[in-house]
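This is what each chain is made of:
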Amino acid sequence: MTTTYAALLRGINVGGNKKVPMAELRTLLQGLGHGGVGTYLQSGNAVFSADRGDEDSLAAELADAVEKHFGFTVGVLVRDHAYLRAVREACPFPATELEAKQLHVTYFSAPVDPGRFASVDPAAFLTEDFRLGDRALYLYAPDGLGRSKLAEALAKPRLLKGVTATTRNWNTVVKLEELTGA
């Protein structure tokens, strides 16, 4: 049975670091035997279909291929359409009423315990807010991610220790769900 997945690469093509041309990423995925390969934007979003493996094994395979081809390590998450749809549908914020730059999802490689973020006092960051979901964190940042003090607090290495985390804005969340459902 063939499943369509999204691959989320962490921290590539940001500030001139870890450059991964999307054409090369597509070729790399095809070389791994995947079909229906496509990319979205330049920030490490790819879609592909596979008839073998699971999310974790596919992510490890792609991370290894990126390291061999480009010479640097990159965190990779792979998620199927059902998961991406569930994340979109479970959004605790009124997504249709917000600008895409105000709403973000941080995807995690594993479930995170709410206690991990207990040291972050939401009241100290009003009007910003966050909620945890299934291997995801929803962030409402009315002034955008670049100005978000809450995003900065949530990204502290001590809070993310042991998990790969990568963030996408709401437009990308929606588009990846759509692309994997096609």
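Rules used throughout
The residue numbers shown here count from 1 along each chain, following its written sequence. Side-chain atom pairs in this predicted model are given and counted only at pLDDT of 80 or more, local residue features only at pLDDT of at least 70, and totals for whole chains, interfaces and linings cover all residues. Where side-chain values are given, they derive from all heavy atoms of the structure, hydrogens and water being excluded. Only strands that DSSP links by at least two bridges are regarded as paired with each other. Each helix corresponds to a stretch of at least 4 residues labelled H or I by DSSP, and each strand to a stretch of at least 2 residues labelled E; elements are numbered beginning at the N terminus. Axis geometry follows a simple rule: fit a line to the C-alpha atoms, using only the stretch in contact for helices, then measure angles between N-to-C directions, giving values from 0 to 180 degrees. We call two residues in contact when some of their heavy atoms are within 4.5 Å. The buried label applies to any residue whose accessible area, calculated with a 1.4 Å probe on protein chains only, is under 20% of its type's maximum; exposed applies above 50%, and partly exposed to all values in between. The arc in question is traced by the directions running from the helix axis to the C-beta atoms.

(A) Representation of the sheet that holds strand S5 (residues 103-108) in the model. Pairing is antiparallel across the open sheet formed by four strands, whose spatial order is S6-S7-S5-S8. What marks the edges here is a single partner per strand, and that holds for strand S6 (129-133) and strand S8 (165-169). With direction set aside, neighbouring strand axes in the sheet form an average angle of 20 degrees. Here five bridges tie S5 to S8, and the two strands are oriented antiparallel to one another.

(B) Quick look at the sheet that holds strand S1 (residues 3-9). Taken together, four strands build an open sheet; the order of strands is S2-S3-S1-S4 and the sheet is antiparallel. The sheet is open, and its two borders are formed by strand S2 (35-40) and strand S4 (76-80), each paired with just one other strand. The sheet shows a mean angle of 20 degrees between the axes of neighbouring strands, taken without regard to direction. Sheet analysis places S1 next to strand S3 (residues 45-50), joined by six bridges and oriented antiparallel. Bridge pairing in S3 places Thr4 opposite Ser49. Sheet contacts for helix H2 (residues 55-70): S1, S3 and S4; angle to S4, the most-contacted strand, approximately 145 degrees. In the packing of helix H6 (residues 170-181) onto the sheet, contacts are made with S1, S2 and S3, and the angle to S1 comes to roughly 150 degrees.

(C) Representation of helix H1 (residues 22-31) within the structure. If you check which residues of H1 are buried, you get Met22, Leu25, Leu28 and Leu29. All buried residues of H1 fall inside an arc of 115 degrees around its axis, so they share one side. Opposite its buried face, H1 presents the exposed residues Thr27 and Gly31, each directed more than 90 degrees away. The inward-facing, buried residues of H1 abut S1, S2, S3 and H2. Once H1 ends, the next one or two residues include Gly33, with phi positive near 95 degrees.

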